[in-house]
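Examination of the molecular architecture
In case you want the letters, here they are:
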Amino acid sequence: MLAMNYRGPYRVRAEQKPDPAIEHPNDAIVRVSRSCICGSDLHLYHGLVPDTRVGMTFGHEFTGTVEEVGSSVQNLKVGDHVLVPFNIFCGSCFFCKRELYGNCHNTNPEATAVGGIYGYSHTAGGYDGGQAEFVRVPMADVGPTVIPLDLDLDDAVLLTDAYPTGYQAAEMGDIKEGDTVVVFGAGPVGIFAAKSAWLLGAGRVIVVDHLEYRLEFVKNFAQCEIVNFKDVDDMAIHIKKMTDWLGADVCIDAVGCEADGSLAQKLTGVVMKLQAGSAIALHWAINSVRKGGNVSIVGVYGPTFNAIPIGNALNKGLTLRMNQASVKRHLPRLIEHIQAGRIEPKKIITHRVPLEEVSDAYHIFSSKLDNCIKTVLISPGAGH
Amino acid sequence: MKTEKDYSHIHGWGADLDPKNRPAYPKERMPARLSGVHWDQPEQQEQKVEILHSNERPDITPIFGTSTPPSGLSGTIREAAFKYSENDIRHWLLLLLADRINVWEGLAGDLNKGHIPHILDEMGWKAEWKYNRPGAIRKLAIGSALLGTAICLMKRKRRRELQ
């Protein structure tokens, strides 16, 4: 089959590799119809995630049709068109019993801090991902969701990660009616977090980024205020001026470890690897939120440590909440939102690229060329 | 929904304000609202390739990925890394070192199979040329200047050694 193949930092290609096989009685093999490149794939692409091995196939946002099922699969049948949450989870461990599907303890031998994730290095379990013609889907009875007939495939593929992650970012902010919410990052997750903040009753939503085209997009998509941090001397002062000098009720970090905005953070975190990436968005979030406010983190960071003002978080009495999204928990309501027309996730898709051109697709997304917001890869024979 | 402020221009505003509208509320509910689980503990997947496991757990997990098993020098370094816990910075630094060595192993593997990798293509240079031509030209110029300088310095060193 044709699959994306990682060759090293900033180098990927499409090439043939053996088809995946059933390896566990509850596996399914899925023929991929849509896969996306996620912002967090760029951390792998840039060589920032430890134990990212040459030859691996990335891709944790995908839909497809079931081609084959293992002997114990009861809830899926060949031909079902499914969306597959990025979490690989068992449904029965201590954490899954608490609906913490992103923290499953039975699907990732290589690390205990995170559950299994498709195509996300061996630090997340060593699974090949969905940027391919076929993919092995473990725990097929609990992970995949059959796509409702009235759901567009482009909306469905965004339900596998980006939209639920943005929604959970807002949910973890514990937004009260009328709250001011600041979202750092106008990438796909930040865009969905901003829209979700309104659904949860925010009174004001402000999105911060430095890419003008993304800020323009989110302003229209999520009807929010925007701030270009390049136009701002000091982010904390700017947000305080916008909020009667108190600070925002809720700040959301939807950027993670490659944030722009601080030379020192970029040098120490991204270039010199002295910390687990650049944490300037989180730094701003902590310093821009009001005392007693909530900081919600869905931006991805490396497994070591980061320089953040934790003393300020203590002194301000902040609540910090963070996690990988528990996608399956959110799906019923998020599907309802799409069906009710409250949100059209597919509007964020700017690029549709054949899998054969995966090298160009990664470069366009990584370098933010051609006003790219979200890229969908189309496998051969998948149709458009 | 009636509110003090008018949010009617924001489609869907407050749809999830009342937790009763949210089937996923509250977070971390027990028992989980998940159907399809027909096991207490998943069956153990058969291990056919080397799987490294964190020493913060007793053994491998019932389910695991089998992509790209450890091999070569990078594999040996990865094995060494897993002697340290996730709590130990040496674990992560060794894995990053292994990743970098693995890149060279990948290049050697390509050449060994008679495949010369198109590194510029793999880096998406076609897209760079199409969408950011001035940037591509600038990068090529800087790259050429650095390469030229390196060659000159090497030649000068060689001349000095011969003298």
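Higher on the page you've got the structure.
Residues numbered from 1 in each chain as written. Chains lettered and ligands numbered in written order. Predicted model: local features only at pLDDT ≥ 70, side-chain atom pairs only at ≥ 80, totals over all residues. Heavy atoms only, no water.

Some words on the overall build of chain B
- For chain B, the count of helices and strands is 5 helices and 0 strands.
- Reading chain B from its N end, one meets helices and strands in the order α-α-α-α-α.
- Here chain B has a C-alpha radius of gyration of 28 Å; the compact-globule value for 163 residues is 15 Å, and the former is much larger.
- Dimensions of chain B, computed from the C-alpha atoms along their principal axes, are close to 85 × 55 × 35 Å.
- Put simply, chain B has 163 residues, and 34% of those count as buried.
- Long-range contacts, defined here as pairs at least 24 residues apart, represent 26% of the contacts in chain B between residues at least 6 apart.
- For chain B, the accessible surface area stands at approximately 11000 Å², while carbon and sulfur atoms represent 57% of it.
- Taking the 25 positively charged and 21 negatively charged side chains of chain B as two groups, their mean positions are separated by 12 Å. (Helix = DSSP H or I, 4+ residues; strand = E, 2+ residues; numbered from the N terminus. Rg over C-alpha atoms; globule rule 2.2 N^0.38 Å. Buried < 20%, exposed > 50% of the residue type's maximum accessible area, 1.4 Å probe, protein only. Contact = heavy atoms within 4.5 Å. Areas by Shrake-Rupley, 256 points an atom, 1.4 Å probe, with all protein chains shown as cover. Lys, Arg positive; Asp, Glu negative; His and termini not counted. Charge placed at Lys NZ, Arg CZ, Asp CG, Glu CD.)

A look at the nonpolar core
Residues and elements named next belong to chain A.
- Membership of the largest hydrophobic core comes to 86 residues, with the highest contact counts inside it found for Leu-159 and Tyr-362.
- Counting residues per element, this core draws most heavily on helix 4 (residues 188-199), which supplies 8 residues.
- Beyond its immediate sequence surroundings of up to four residues, Tyr-362 is in contact with Met-4, Val-12, Ile-37, Asp-41, Leu-42, Tyr-45, Phe-58 and Gln-131.
- Formed by 26 residues, the second largest nonpolar core is a distinct cluster that contains Ala-28, Cys-93, Cys-104 and Val-137. (Core = buried A, V, L, I, M, F, W, Y, C linked by side-chain atoms within 4.5 Å.)

Digging into the environment of Lys-17 of chain A
Residue and element names in this part refer to chain A.
- One can find Lys-17 in the loop between strand 2 (11-16) and strand 3 (28-37).
- In this structure Lys-17 comes out as buried when scored by relative accessible area, which is 17%.
- C-alpha separation for the pair Lys-17 and Asn-5, spaced 12 residues apart in sequence, amounts to 8.9 Å.
- Leave out the neighbours within four places in its chain, and Lys-17 touches Met-1, Ala-3, Gly-55, Met-56, Thr-57 and Asp-128.

Here we look at the pattern of salt bridges
- This structure, assessed with the given rule, holds 30 salt bridges over all chains.
- Glu-61 of chain A is paired through a salt bridge with Lys-374 of chain A; the nearest N and O atoms lie 2.8 Å apart. Residue Glu-61 of chain A is found in the loop between helix 1 (41-45) and strand 4 (62-69), and its partner Lys-374 of chain A is found in strand 17 (residues 374-378); the two are separated by 313 residues along the sequence. Here Glu-61 of chain A matches Lys-374 of chain A in class, with each residue buried.
- For Arg-321 of chain A, the salt bridge goes to Glu-28 of chain B, with nearest N and O atoms at 3.4 Å. On the criterion of chain membership, the pair formed by Arg-321 of chain A in strand 15 (residues 319-322) and Glu-28 of chain B in the segment before helix 1 (72-81) is interchain, its members lying in two chains.
- According to the relative accessible area criterion, Arg-321 of chain A is partly exposed, its value standing at 30%.
- A relative accessible area of 38% means that Glu-28 of chain B is categorised as partly exposed. (Salt bridge = Lys/Arg side-chain N within 4 Å of Asp/Glu carboxyl O.)

A closer look at the interface of chain B and chain A
- Each side of the interface is counted separately: chain B has 81 residues, and chain A has 88 residues.
- A combined buried area of about 6900 Å² lies between chain B and chain A, and 53% of that area is made up of carbon and sulfur atoms.
- Joining chain B to chain A, the criterion identifies 9 salt bridges.
- One salt bridge connects Asp-16 of chain B with Arg-333 of chain A, and the closest N-O pair in it is separated by 2.6 Å. (Buried area = accessible area lost by both parts, 1.4 Å probe.)

Digging into helix 7 (residues 263-271) of chain A
Residues and elements named next belong to chain A.
- Where helix 7 is concerned, the buried positions are Gln-265, Gly-269 and Val-270. For helix 7, the buried positions fall inside an angular range of 80° around the axis, keeping them on one side. Facing away from the buried side of helix 7, by more than 90 degrees, are the exposed residues Leu-263, Ala-264 and Val-271.
- Phi turns positive, to about 55°, at Lys-273, one or two residues after helix 7. (Arc of directions from axis to C-beta.)

Concerning the pairing of strand 16 (residues 349-354) of chain A
Residue and element names in this part refer to chain A.
- Both strand 16 and strand 17 contribute to a ladder of 5 bridges, which runs parallel. Residue pairing in the sheet places Ile-349 in a bridge with Lys-374 of strand 17.
- Tracing the backbone out of strand 16, into helix 11 (residues 358-366) and back to the parallel element strand 17 gives a crossover that is right-handed. (Pairing = 2+ DSSP bridges. Right-handed = clockwise from strand over helix to strand, strands pointing away.)

A few points about the side chain of Glu-122 of chain B
- Looking at the secondary structure, you find Glu-122 of chain B in helix 3 (residues 119-122).
- Side chain to side chain, Glu-122 of chain B and Arg-11 of chain A meet in a polar contact 2.7 Å long.
- Each residue touching Glu-122 of chain B, except ones within four places of it in the same chain, is listed here: Arg-7, Tyr-10, Arg-11, Val-12, Arg-13 and Ser-359 of chain A together with Pro-117 of chain B. (Polar contact = N/O pair within 3.5 Å; in protein donor to acceptor, adjacent residues only side chain to side chain.)

Interpretation note: all reported values are geometric properties and have no functional meaning in isolation.
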